[in-house]
Amino acid sequence: METIDLEQHFDAKLAKNEMIEPKDWMPDNYRKHLIRQISQHAHSEIVGMLPEGNWITRAPSLRAKIVLLAKVQDEGGHGLYLYTAAETLQISREELLDQLHTGKAKYSSIFNYQTLTWADIGAVGWLVDGAAIMNQVMLQRTSYGPYARAMVRICKEESFHQRQGYEIMCHLAFGTPAQKEMAQDAMNRWWYPTLMMFGPKDANSSNSANAIKWKIKRESNDELRQRFVNQTVAQAEYLGIKIPDENLKWNETKKGYDFSDPDWAEFNNIIHGHGPCNKERIGARVKAHENGKWVREAAAAFGKKQNAIDVAA
Amino acid sequence: MSENTDSQGTLWEIFVQKKAGQPFVHCGSLHAFDKEMALQNARDLYTRRGEGTAIWAVPASAIVASSPEDMGPFFDTTNDKVYRHPTFYQIPEGIKYI
Ligand SMILES: [Fe+2]
Ligand SMILES: [Fe+2]
């Protein structure tokens, strides 16, 4: 088939809401867009293990500790589902990791903030996973099959993440005055970074138009952000925790809340590598990768031996 | 088995059987260096919540797949064989258990 026919065929599939699969013809820019988005998503899951991993050894109870371990392990799993989804687009795992380690690929800005107190673990589960779920529920219907299937699996696992976070917030919000203050402090620090997770405002988002056109995304950054705010306000009210926004107000006409923008200059700063923890996060990943080198080599040598035995048998 | 092209092991496709007697269903892929590691990784990655009681791990390179381009002609031959379906046949009114 001529490229033009192939492109028409591709467009027709999208128009019918059919999924694109790895062996289907796809425009090169569609492929590149997906590699960028899926790998960024995978890296976010893996780097996202670091701020929470920070609290595993200091969790306040054994129950809290096993819950947090299970959650962080899930995030590692999410990263692996997504890496293999990206690999169906003709890029190797090694290249993907290399892009993370050299700073060529990005990950979510949110994971460059510090987790200073136990309440931050509550706020991260409740708000950060909550925001991620909003995005991931939409992505279950993304147009690329392997990405959509990974999302279905991830969404099933995510709801426990958000609930365990909210449970931590409940304990603190209804605890001693000091605990309540700790919960409020976490909210104060995490609210705006969470709003940034949905990406730039639609008007300033260079990648959005293509993502919508190709049905990779089915809702815009602003739509998802609005829905997140609408859902979260009542959850915060129940806790008696104040959302740090003087402009937060119900708007009857749009049937949603008006709210303030996060500081987009801060967002851009973090995206460009100057957040509180950018260096530390990448440093930790590179170190883990380098320290794991001999393990990979040993596993490869052992595997080679095993496979030779299988062939001989 | 395909060659190790990088330091990340080879790609395996994982199929999980939810309960005895049910079909094995593809659930995703992973990297591993040998059969045993493939099974262990599959357990850790795809059955963390009792999603399965048995696993097949297949080297991705061993899978033969049809291509989307010949999807039409490849499957065409079955389209005109309506007589393969039970609804093709007329059974007299009142006949039961058939
Ligand atoms: Fe996740
Ligand atoms: Fe999560």
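Along each chain, the written sequence defines residue order, and numbers are assigned to residues from 1. Chain letters start at A and ligand numbers start at 1, both assigned in the order the entries are written. Per-residue local features of the predicted model are confined to residues with pLDDT of at least 70, and side-chain atom pairs are confined, for both listing and counting, to 80 or more; whole-chain, interface and lining totals are unaffected and use all residues. For the side-chain quantities, the full set of heavy atoms in the structure was used; hydrogens and water were omitted.

Considerations on helix α1 (residues 35-46) of chain B
- Helix length check: α1 of chain B (twelve residues) gives 16 Å between terminal C-alpha atoms against 16 Å at 1.5 Å per residue, within 8%.
- In this analysis, two residues are considered to be in contact whenever any of their non-hydrogen atoms come within 4.5 Å of each other. The helix and strand labels rest on DSSP assignments: H or I over at least four residues marks a helix, E over at least two residues marks a strand, and numbering proceeds from the N terminus. The elements touched by buried residues of α1 of chain B are α4 (62-87) and α7 (145-173) of chain A together with β1 (10-17), β2 (24-32) and β3 (54-59) of chain B.
- Between the side-chain oxygen of the N-cap and the backbone nitrogen of E36 of chain B there are 3.0 Å, and the N-cap of α1 of chain B in question is D34 of chain B. In this analysis, the expected span of each helix is defined as 1.5 Å times one less than the number of residues it contains. Two N or O atoms count as a polar contact when they lie within 3.5 Å, although within protein this holds only if one can serve as hydrogen donor and the other as acceptor, and sequence-adjacent residues are included solely when both atoms are side-chain atoms.

Quick word on the side chain of D129 of chain A
Residues and elements named next belong to chain A.
- Counting through the fold element by element, D129 comes out in helix α6 (residues 118-139).
- The buried label goes to any residue with under 20% of its type's maximum accessible area, the exposed label to any with over 50%, and the partly exposed label to all in between, with areas taken from a 1.4 Å probe on protein chains only. Taking the relative accessible area as the measure of exposure, D129 reaches 5% and is therefore buried.
- Here K71 takes part through its side chain, which lies 2.9 Å from a polar atom of the side chain of D129.
- In this structure the side chain of D129 is engaged in a polar contact, spanning 3.3 Å, whose partner is the side chain of H161.
- If we ignore the near neighbours within four places in the chain, the residues touching D129 are K71, E75, V124, E158, H161 and Q162.

A few points about the interface of chain A and chain B
- Each side of the interface is counted separately: chain A has 25 residues, and chain B has 25 residues.
- At the boundary of chain A with chain B, total buried surface from both sides reaches about 2100 Å², with 50% on carbon and sulfur atoms.
- When two components associate, each loses some accessible surface as probed by a 1.4 Å sphere; the sum of these losses over both components is called the buried area. When the area that chain A buries against chain B is broken down by residue, the three leading residues are K23, E94 and R153 of chain A, summing to 24%.
- For salt bridges, the criterion is a side-chain nitrogen of Lys or Arg within 4 Å of an Asp or Glu carboxyl oxygen. Summed over the shared surface of chain A and chain B, the result is five salt bridges.
- A salt bridge links R48 of chain B to D74 of chain A; the shortest N-O distance between them is 2.8 Å.
- Applying the counting rule to chain A against chain B returns nine residue pairs in polar contact (both at pLDDT 80 or more).
- When contributions to the side of chain A that touches chain B are tallied by element, the ones reaching two or more residues are α4, α5 (93-101), α7 and α13 (293-312) of chain A.
- When residues of the side of chain A that touches chain B are assigned to their parent elements, the largest contribution, eight residues, is made by α13 of chain A.
- Only Asp, Glu, Lys and Arg are considered charged, only Ala, Val, Leu, Ile, Met, Phe, Trp, Tyr, Cys and Pro nonpolar, and every remaining residue, Gly among them, polar. When its residues are assigned to classes, the side of chain A that touches chain B shows seven nonpolar, eight polar and ten charged.

Some remarks on the layout of surface pockets
- Here a cavity denotes grid points, spaced 1 Å and computed from the protein atoms alone, that fit a 1.4 Å probe unable to get out, and a pocket denotes an open set having protein on both sides within 12 Å along at least 5 of 7 lines; residues with an atom within 4 Å of a point are the lining. Grid points are joined across faces, edges and corners, and a volume is the space filled by probe spheres set on the points. Put simply, the largest pocket is a space of about 1700 Å³.
- Lining the largest pocket are 50 residues, with T88 of chain A together with E13, H26, G28 and S29 of chain B sitting closest to its centre.
- At the level of elements, α4 and α7 of chain A together with β1 and β2 of chain B are the ones that each hand at least two residues to the lining of the largest pocket.
- Tallying contributions element by element places α7 of chain A first for the lining of the largest pocket, with seven residues.
- Split into classes, the residues belonging to the lining of the largest pocket amount to 18 nonpolar, 18 polar and 14 charged.
- One number sums up the size of the second largest pocket: a volume of about 1200 Å³.
- Looking at the second largest pocket, it is lined by 48 residues, and the ones nearest its centre are Q37, Q40, S44, S108 and M197 of chain A.
- Where the lining of the second largest pocket is concerned, the elements lending two or more residues are α2 (28-47), α4, α6, α7, α9 (208-213), α10 (221-239) and α11 (264-271) of chain A.
- With nine residues, the single largest contributor to the lining of the second largest pocket is α2 of chain A.
- Taken together, the residues of the lining of the second largest pocket sort by class into 18 nonpolar, 20 polar and ten charged.

Section: empty space enclosed by the protein
Residues and elements named next belong to chain A.
- Scanning all chains against the criterion turns up one cavity of 30 Å³ or more.
- Considered as a void within the structure, the largest cavity measures approximately 30 Å³ in volume.
- The wall of the largest cavity is formed by P51, E52, I110, F111, T115, V124, V128 and W190.
- When contributions to the lining of the largest cavity are tallied by element, the ones reaching two or more residues are α3 (49-53) and α6.
- The residue inventory of the lining of the largest cavity, partitioned by class, reads six nonpolar, one polar and one charged.

Regarding the packing of α7 of chain A against α10 of chain A
All names here are of chain A.
- Between N-to-C directions, angles cover 0 to 180 degrees, with each direction set by a line fitted to C-alpha atoms, over the stretch in contact for helices. Close contact between α7 and α10 brings their axes to 9 Å; oriented N to C, the two are set at 30 degrees. Compared by their axis directions, α7 and α10 come out roughly parallel. Here Q162, Y166, M169, C170 and A173 of α7 come into contact with α10, specifically with Q235, Y238 and L239.
- Its residues assigned to classes, the contact of α7 with α10 comprises six nonpolar, two polar and no charged. Note on angle classes: values under 35 degrees are labelled roughly parallel, values over 145 roughly antiparallel, values of 65 to 115 roughly perpendicular, and the remainder oblique.

Some remarks on the coordination of the iron ion (ligand 2)
Residue and element names in this part refer to chain A.
- Looking at the iron ion (ligand 2), the protein donor atoms are E75 (OE), D129 (OD), E158 (OE), E158 (OE) and H161 (ND1), and they sit 2.0 to 2.7 Å from it.
- Donor residues binding the iron ion (ligand 2) come from one chain and are separated in sequence as E-x53-D-x28-E-x2-H.
- Ligating atoms shown are N, O and S within 2.8 Å of the metal, or 3.2 Å for Na, K and Ca, and water is not included, meaning a site may look less than complete. A separation of 3.4 Å is found between the iron ion (ligand 2) and the iron ion (ligand 1), which share E75 as a coordinating residue. Placement of E75 in helix α4 and of H161 in helix α7 is noted, with a sequence separation of 86 residues between them.

Section: the packing of aromatic side chains
All names here are of chain A.
- Aromatic pairing here means that ring centres of Phe, Tyr or Trp (its six-membered ring) are within 6.5 Å. Orientation follows from the plane angle: under 30 degrees is stacked, over 60 is edge-to-face, and everything else is tilted. Counted under the stated rule, the structure contains 17 aromatic pairs over all chains.
- Taking 5.7 Å as the distance between ring centres and 85 degrees as the angle between the ring planes, the aromatic pair formed by Y30 and W214 counts as edge-to-face. A residue pair is termed long-range when its members are at least 10 positions apart, and Y30 in helix α2 and W214 in the loop between α9 and α10 qualify at 184 residues.
- What makes W214 buried here is its relative accessible area of 8%.
- A ring pair is formed by F174 and Y238, whose centres lie 5.5 Å apart and whose planes are at 65 degrees; its orientation type is edge-to-face. Placement of the pair is F174 in the loop between α7 and α8 (177-196) and Y238 in helix α10, with a sequence separation of 64 residues. The pair formed by F174 and Y238 is uniform in burial state, with each residue classed as exposed.
- By the ring-pair criterion, three or more aromatic residues cluster together here, those being F10, W25, Y30 and W214.
- Definition used: whenever NZ (Lys) or CZ (Arg) falls within 6 Å of the ring centre and also within 35 degrees of the ring normal, the charge is taken to sit over that ring. Over the aromatic face of W55 sits the side chain of R58, whose NZ or CZ is 4.3 Å from the ring centroid.
- The ring of Y81 carries the charged tip of R153 above its face, separated from the ring centre by 5.8 Å.

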